[in-house]
Amino acid sequence: MDFLRIKEFLHQVELFRDLTDEEIAVTAGQVTLKTFEPGAFLFKRNEPRKEIFFVLSGKIELFKATTSGKEKFITSFREYDFLGEGSLLDTYPHSTSARALEESMTLCLGIDFFASHGAIAVKVMSNISRVISRRLRYAVHLNADDSAQYESGRTRTEHDLLGEREVPYEYYYGIQTLRALENFNISGVRLNSYPELVKSLAIVKMAAANANYDLGLLPKDMADAIIRTCLEIIDSRFLNHFVVDMMQGGAGTSTNMNANEVIANRALELLGYKKGEYNHCHPNSHVNLSQSTNDVYPTAIQLALYRSNEKLVNVLKQLIDSFRKKSADFSHIIKMGRTQLQDAVPMTLGQTFGAFATTLGEEIVRLNENANLFLEINMGGTAIGTGLNANPQYSGKVVEYLRQITGLDIVLAVDLVEATQDTGQYVIYSSAVKRLAIKLSKICNDLRLLSSGPRAGLNEINLPPMQPGSTIMPGKVNPVIPEVVNQIAYKVIGNDLTVSFAAEAGQLELNVMEPVIVQSLLESIEMLKNGMDSLRYRCIDGITANADHCRKMVENSIGLVTALNPYIGYENSTLIAKEALESGASVYNLVLDKKLMSKEELDRILDPRNMIQSGN
């Protein structure tokens with residue numbers, strides 16, 4: 001890479017803003033070029049900080065490991081982005097890891113450079129402080145009340161139908177988002193709480209920009225700026241500027257305008273203009289061209305729900321695998337089955353856990369089948385499905401671009417008027433989510449019963465102890481993980497009812513209650529994902545069995561006579577059962593005492609392998 005190109009590149013990097021040409025030249029002379037293949041690490045957590053990386057091309061992801069050993073995505077970096085700048089602030093090792101997602105080239109600058117170039121270091125440190133200040137404002141915004149987001153200092157004047165307002169200059173959103181913040185301080189749960197929804201909005205806007213450019217409705221430079229901005233948002237940039245409350249009036253208009261304003265203002269920057277100079281790229285006239293909230297919003301919702309369902313199913317599969325593993329581990333342990341909380345017939349503990357795995361496995365099919373309904377969209381229908389203000393070719397083009405961007409088999413609804421007002425896809429998917437929640441709750445009920453005791457309950461299994469269970473009773477440990485999953489299920493069931501009411505509330509050509517539908521569904525999915533992950537990691541994987549206790553309960557149970565009935569006859573079984581009830585003696589011992597069977601025969605019948613066979 002030649003020296004002039006390196007200088008030109010560094011001029012575009014925010015970290016070197018305010019550096020003179022001479023200072024840029026000095027810096028350019030000290031950088032080194034590095035190439036990373038997909039999957040290669042730039043640095044790993046706990047490694048010493050040695051250099052700053054400036055992305056020339058490709059894509060880099062930043063992530064960290066969770067307490068359960070999983071990788072948690074933080075953000076991604078593309079051209080002109082930089083990472084590792086924290087090395088100038090302290091000597092601590094990296095707290096995160098960075099890895100190339102595709103073939104990437106970076107310029108690297110060692111931290112020793114700044115020790116010998118004080119003037120450059122001062123300017124760079126000033127810019128780093130500005131970056132960190134923005135990040136801290138974002139953290140405060142997520143954890144404080146609305147007043148935290150309003151900053152004193154520089155503002156820009158914007159206007160809309162209702163008049164003019166001063167918008168904090170630093171923010172990419174505009175006047176309509178500002179009004180929505182004031183009007184809808186409702187739940188405290190904002191768009192950026194669900195990144196998949198924000199990214200889906202960007203995907204829709206990106207597809208629209210491509211289609212509008214093909215139709216000659218957007219100039220190339222503007223289309224390119226909008227598309228690049230959308231890619232940045234898809235890469236988790238600018239999420240902190242999607243601030244509208246999930247609960248809102250207006251059928252999602254505030255959400256759509258939040259996206260339009262952020263994309264327009266970032267596109268203006270890329271075009272060389274200032275935020276708010278909308279004559280060069282307007283939120284409505286350009287970013288929202290050929291669109292209405294009434295086709296953008298449901299399309300983005302459906303893409304977000306489809307992707308969220310994929311993540312939900314992946315977590316569900318891991319939970320099922322854990323149940324199957326326990327089924328194999330416990331396949332040799334005989335226990336008493338129960339119906340109506342009364343002794344029934346013997347079975348194995350492995351069969352109990354196997355049934356958990358099977359019943360949850362059925363939900364994968366149901367969830368995926370219903371999620372497929374989200375792939376039918378109404379883009380191009382604009383306000384009510386008639387396609388007003390959209391080119392006749394627009395629908396076909398935007399759907400094709402959505403297919404390319406997402407890799408999904410997205411199709412255009414046959415009747416856009418019907419599709420614009422219909423919410424049936426949400427109702428049926430919500431029912432599948434509720435069904436999963438109900439099954440999980442029933443399983444957790446069983447786990448709590450099976451682990452009850454330890455002295456005065458069933459005590460067939462031991463759940464991993466997660467925390468002390470009482471402020472007054474020493475030694476008590478509660479089944480807190482199954483309990484929280486129970487409560488998640490109750491919330492999901494309530495959310496399903498909300499979805500039903502909201503779907504029914506549609507009137508004429510539009511259902512304005514979609515915001516509460518999407519909030520309810522995304523909340524249910526997020527809670528179930530987290531709940532199932534905790535259930536697997538903090539409960540199921542650590543369950544142990546009290547095998548001797550399980551067998552003794554089988555031998556003492558009256559229900560054992562049902563399994564012995566084919567061998568000793570109904571009359572003998574009835575007499576044994578009656579005597580066992582009256583005397584308190586075990587069925588096992590009574591059968592042996594009356595010489596109805598030998599111990600070898602009795603143990604053979606009660607062999608877990610025979611129990612499994614008899615159940616098939």
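Below is a summary of the structure that appears in this document. (Residues numbered from 1 in each chain as written. Predicted model: local features only at pLDDT ≥ 70, side-chain atom pairs only at ≥ 80, totals over all residues. Heavy atoms only, no water.)

### A look at unusual backbone geometry
Negative phi characterises most residues that are not glycine, and trans characterises most peptide bonds. Spelled out, the test is: Helix and strand assignments come from DSSP, with helices taken as H or I runs of at least 4 residues and strands as E runs of at least 2, each series counted from the N terminus. Remark: exposure states derive from per-residue accessible area (1.4 Å probe, protein chains only) relative to the maximum for the residue type, with buried under 20%, exposed over 50%, and partly exposed in between.
Across the junction of Gly453 and Pro454, the peptide omega takes the value 10°, indicating a cis bond. Despite not being glycine, Gln340 shows a phi value in the positive range, around 55°. For Gln340, the position within the fold is in the loop between strand S11 (334-339) and strand S12 (342-348). Gln340 sits in the exposed class, given a relative accessible area of 74%.

### A look at the packing of aromatic side chains
Operational definition: Aromatic contacts are taken between Phe, Tyr and Trp rings whose centres are within 6.5 Å, Trp giving its six-membered ring; a plane angle under 30 degrees counts as stacked, one over 60 as edge-to-face, and the others as tilted. Two conditions define a charge located above a ring, namely a distance within 6 Å from the ring centre to NZ of Lys or CZ of Arg, and an angle within 35 degrees of the ring normal.
Under the definition given, this model contains 15 aromatic pairs. When the ring of Phe330 is compared with that of Phe353, the centres are 5.4 Å apart and the planes differ by 70°; the resulting orientation is edge-to-face. Of the two residues, Phe330 sits in the loop between helix H10 (293-329) and S11 while Phe353 sits in helix H11 (residues 349-371), which places them 23 residues apart along the sequence. Above the ring of Phe238, the side-chain terminus of Arg237 is found at 5.3 Å from the ring centroid. The ring of Tyr172 carries the charged tip of Lys275 above its face, separated from the ring centre by 4.7 Å.

### Side note on the side chain of Thr106
To keep things clear, this is the line we draw: We call two residues in contact when some of their heavy atoms are within 4.5 Å.
Residue position: Thr106 is located in strand S8 (residues 104-110). Residues within four places of Thr106 in sequence aside, it is in contact with Thr32, Leu33, Lys34, Phe36, Leu42, Phe53, Phe54, Val55 and Leu56.

### Structural notes on the environment of Leu56
Mapped onto the fold, Leu56 is located in strand S3 (residues 51-57). For Leu56, a relative accessible area of 7% puts it in the buried group. Between the C-alpha atoms of Leu56 and Arg156, which are 100 residues apart in sequence, the distance is 32 Å. The residues touching Leu56, leaving out its near neighbours within four places in the chain, are Met1, Phe9, Leu33, Glu79, Met105, Thr106 and Leu107.

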